[in-house]
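Chain by chain, the residues:
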Amino acid sequence: MQITDLNLSTRQVRAFTALAEHRNFTRAAEQCHLSQSAFSSLIRTLEDSLGVRLFDRDTRRVELTPEGRLFLGGATRVLASLRDALEDLGEHSAGRRGRAGVAALPSLAAGWMPGVLASFHQEYPGIQVDVADVLSESCIEFVRSGRADFALASMRSVGPDLQAEPFCRDGFYLVCRKDHPLSRRRRLTLPALSGEPFIHLAQDSSVRQHIEAAIHPAKMNGMMELDQLSTVAGMVRAGLGITVVPALTLFHFDSDDLTALPVETPGLTREVFVIRRRDRSLSIGAQALLAFMMQRRPQPGERRGSRRGAAPPHSRRR
């Protein structure tokens, strides 16, 4: 007998364990909701498939053979494992348990996402969420490598293996001291700010890339280049220069010394996309998380984030 060639059904295994428990064909057949003849056929087919006799039976008794006792332990474990697997799958399918991974721009992860995730965990307490707060290029790699189910990033050109769906649009704001002459302007454009000492974020940030693309071929008057939004806020607060940042990052600049004013320049809008793999379906947990986030995505021009004075002290750049 080639064990690997066996094709046993769960009905056969359940019938076997029922008969091993009751030692009576009539009661075992009733437990399995089968006629006695159908039940007997299942047991006979199982023994034929295994090539061994599992029960000694006559008109008065039914007893397990040595081979039957040996098979009983494994059959019980198989049914228990199958029951656990089905229960686990049911919990996942119902959205009561699972895991989801999302990679997101730091501005979204620090400002908008905490409140959304708090509400999500109240509704789906059994779904564990892993968050990677990284720049756009790293967001893409997290999805491509499978370390995240989906990403919220500002890059639309992601390659043929990934797909991008619009998530939200983010307007840009000038941030300067409240006593700066620009704070009294009614209308601001990016070219009008080009002569001011400017506090830049690093070259690989989406903020920097959007600003340079919108003002090209002109350039901002770069005073310094920094990695951390909290450091940018400190430099602007000290009067060393001005900066321009998306609305979703403004919670970093929530200070009595600073003001934020919208910048009106064609093309100066940051689009955030949901990035996911084309060849891989989302798990039930990841589907629930994405749907939850889509229903609560930031609206154009919305300024979300921490209350005054509650900005993270070492937020990474966008």
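As a reminder, the structure under discussion sits directly above these lines.
The following paragraphs examine the structure supplied in this document. The structure displayed is predicted, hence computed values, not measured ones. Think of each chain on its own: its residues are numbered from 1, step by step along the sequence as written. The model is predicted, so local features are restricted to residues of pLDDT at least 70 and side-chain atom pairs to those at 80 or more, both for listing and for counting; the totals for chains, interfaces and linings are taken over all residues. Only hydrogens and water are set aside; all other atoms, that is, all heavy atoms of the structure, feed into the side-chain values.

**A few points about the packing of helix α1 (residues 10–22) against helix α3 (residues 36–50)**
Lines fitted to C-alpha atoms define the axes here, with helix axes fitted over just the stretch in contact, and angles between the N-to-C directions of these axes take values from 0 to 180 degrees. In this description a helix means any DSSP run of H or I spanning at least four residues, a strand means any run of E spanning at least two, and both kinds are numbered starting from the N terminus. Orientation of α1 relative to α3, taken along the N-to-C sense of each, is 105°, at an axis distance of 9 Å. Compared by their axis directions, α1 and α3 come out roughly perpendicular. The residues of α3 that touch α1, namely those facing R11, Q12, A15, F16 and L19, are F39, L42, I43, T45 and L46. In this classification, the charged set is Asp, Glu, Lys and Arg, the nonpolar set is Ala, Val, Leu, Ile, Met, Phe, Trp, Tyr, Cys and Pro, and all remaining amino acids, among them Gly, are polar. Of the residues contributing to the contact of α1 with α3, the split by class is seven nonpolar, two polar and one charged. An angle below 35 degrees is read as roughly parallel, one above 145 as roughly antiparallel, one from 65 to 115 as roughly perpendicular, and any other as oblique. Whether two residues are in contact is decided by their heavy atoms: any pair within 4.5 Å suffices.

**Let's talk about the pairing of strand β3 (residues 98–104)**
Each residue's exposure class comes from its accessible area (1.4 Å probe, protein chains only) as a fraction of the maximum for that residue type: buried when under 20%, exposed when over 50%, partly exposed otherwise. Among the seven residues that make up β3, six are buried, leaving the element largely enclosed by the rest of the structure. For two strands to be treated as a pair, DSSP must find no fewer than two bridges joining them. Two elements, β3 and strand β4 (residues 127–133), share seven bridges in a ladder whose sense is parallel. Along β4, the bridge assignment pairs V102 with V131. Note on the crossover from β3 through helix α5 (residues 106–123) to β4: the handedness is right-handed. By the bridge criterion, three bridges tie β3 to strand β5 (residues 150–153) in an arrangement that is parallel. The crossover handedness rule: strands pointing away from the viewer, path from first strand over the helix to second strand clockwise, crossover right-handed.

**A few points about the packing of aromatic side chains**
Note on aromatic contacts: the rings of Phe and Tyr and the six-membered ring of Trp form a pair at centre separations within 6.5 Å, being stacked when their planes are under 30 degrees apart, edge-to-face when over 60 apart, and tilted otherwise. Under the counting rule described, the total for this entry stands at seven aromatic pairs. Each member of the aromatic cluster is reached from another via a ring pair, and the members are F16, F55 and F71. The ring of F292 has R296 lying over it, and the distance from NZ or CZ to the ring centre is 3.4 Å. Think of it as a cone above the ring: NZ of Lys or CZ of Arg counts as a charge over the ring if it is within 6 Å of the ring centre and within 35 degrees of the ring normal.

**Points about the pairing of strand β9 (residues 243–246)**
Burial along β9 is two-sided: T243 and V245 and V244 and P246, pointing in opposite directions, are all buried. Sheet topology places strand β6 (residues 162–177) next to β9; four bridges connect them, and they run antiparallel. Each bridged residue has a counterpart across the sheet, and for V175 the counterpart in β9 is T243.

**Some points on the side chain of R277**
Mapped onto the fold, R277 is located in strand β11 (residues 269–277). At 2.9 Å, the side chain of R277 forms a polar contact with the backbone oxygen of R144. Polar contacts here mean pairs of N or O atoms no more than 3.5 Å apart (in protein, one a potential hydrogen donor and the other a potential acceptor; neighbouring residues in sequence count only if both atoms are side-chain atoms). There is a polar contact of 3.0 Å between the side chain of R277 and the side chain of D279. Contact partners of R277, with chain neighbours within four places excluded, come to V143, R144, D161 and L162.

**Notes on unusual backbone geometry**
Generally, phi is negative for residues other than glycine and the peptide bonds are trans, each holding for most cases. Here H216 and P217 are connected by a cis peptide whose omega angle stands at 10°. Residue position: P217 is located in the loop between α7 (206–215) and β8 (221–226). Even without a glycine there, the phi angle at R23 is positive, about 55°. Mapped onto the elements of the fold, R23 is located in the loop between α1 and α2 (25–31). By relative accessible area, which is 34% here, R23 ends up partly exposed. A positive phi angle, near 60°, is found at H33, a position not held by glycine. Relative to the helices and strands, H33 resides in the loop between α2 and α3.

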